[in-house]
Amino acid sequence: MAAGQTGQCLCGDIRFRLDGEVIRTNACHCAQCRRWGGHYWPSADVDQEKLVITHGAESIAWYESSEEAERGFCIVCGSSLFWRRTRGDTSYVSVAIGALNTPTGVKVDKHIFVEDKGDYYSI
Ligand SMILES: [Zn+2]
Ligand SMILES: [Zn+2]
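The sections below set out a description of the structure shown in this document. (Residues numbered from 1 in each chain as written. Chains lettered and ligands numbered in written order. Predicted model: local features only at pLDDT ≥ 70, side-chain atom pairs only at ≥ 80, totals over all residues. Heavy atoms only, no water.)

## Quick word on the coordination of the zinc ion (ligand 2)
So, point 1. Within the protein, the zinc ion (ligand 2) binds to Cys28 (SG), Cys30 (SG) and Cys33 (SG); these donor distances fall in the range 2.1 to 2.3 Å.
So, point 2. All donor residues of the zinc ion (ligand 2) come from one chain, and their arrangement in sequence is C-x1-C-x2-C.
So, point 3. Of the residues examined, Cys28 reaches a relative accessible area of 7% and is grouped as buried.
So, point 4. The buried category is assigned to Cys30, whose relative accessible area is 12%. (Donors = N, O, S within 2.8 Å, 3.2 Å for Na, K, Ca; no water. Buried < 20%, exposed > 50% of the residue type's maximum accessible area, 1.4 Å probe, protein only.)

## Quick look at the coordination of the zinc ion (ligand 1)
So, point 1. The protein atoms donating to the zinc ion (ligand 1) are Cys9 (SG), Cys11 (SG), Cys74 (SG) and Cys77 (SG), with metal-donor distances spanning 2.3 to 2.4 Å.
So, point 2. Coordination of the zinc ion (ligand 1) draws on donor residues from a single chain, spaced C-x1-C-x62-C-x2-C in sequence. Taken together, the positions of Cys11 in the loop between strand E1 (5-8) and strand E2 (15-18) and Cys74 in strand E7 (residues 69-74) put the pair 63 residues apart, joining distant regions of the chain. (Helix = DSSP H or I, 4+ residues; strand = E, 2+ residues; numbered from the N terminus.)

## Thoughts on the sheet that holds strand E3 (residues 24-28)
So, point 1. Judged by pairing direction, the sheet is mixed, and its 7 strands sit side by side in the order E6-E7-E8-E9-E4-E3-E10 without closing on themselves. Strand pairing shows two members of the sheet lacking a second neighbour, strand E6 (60-64) and strand E10 (111-112), which therefore form its edges.
So, point 2. Note: E6 against E7, 5 bridges, orientation antiparallel. Residue pairing in the sheet places Glu64 in a bridge with Glu70 of E7. (Pairing = 2+ DSSP bridges.)

In structure tokens form, the structure reads like this:
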């Protein structure tokens, strides 16, 4: 992925840019991600300061999904956009690959929490 990749939520109010390289990508199959995103959740990790919200920052709400992490979504359209730690390694934020504009320039490297995956699909 070239730095400068852009993305947005479904309604387009929240728009963002990734100013740095993607650290890693993965697709999380845990029950929380599946409930939150409707299916497993592919994301790209970037340094927190490299995620630049270019429009609609006031429409982002953070849901504390566990004692260790919170999930950012659009209060207008409900898009599941960001995941970040609230303790431990808070240096990065996971960004929904599905929200990136195409061509995204990224590939999912890894499937995680596969043991928790849903019973309705195969990997
Ligand atoms: Zn939206
Ligand atoms: Zn997950």
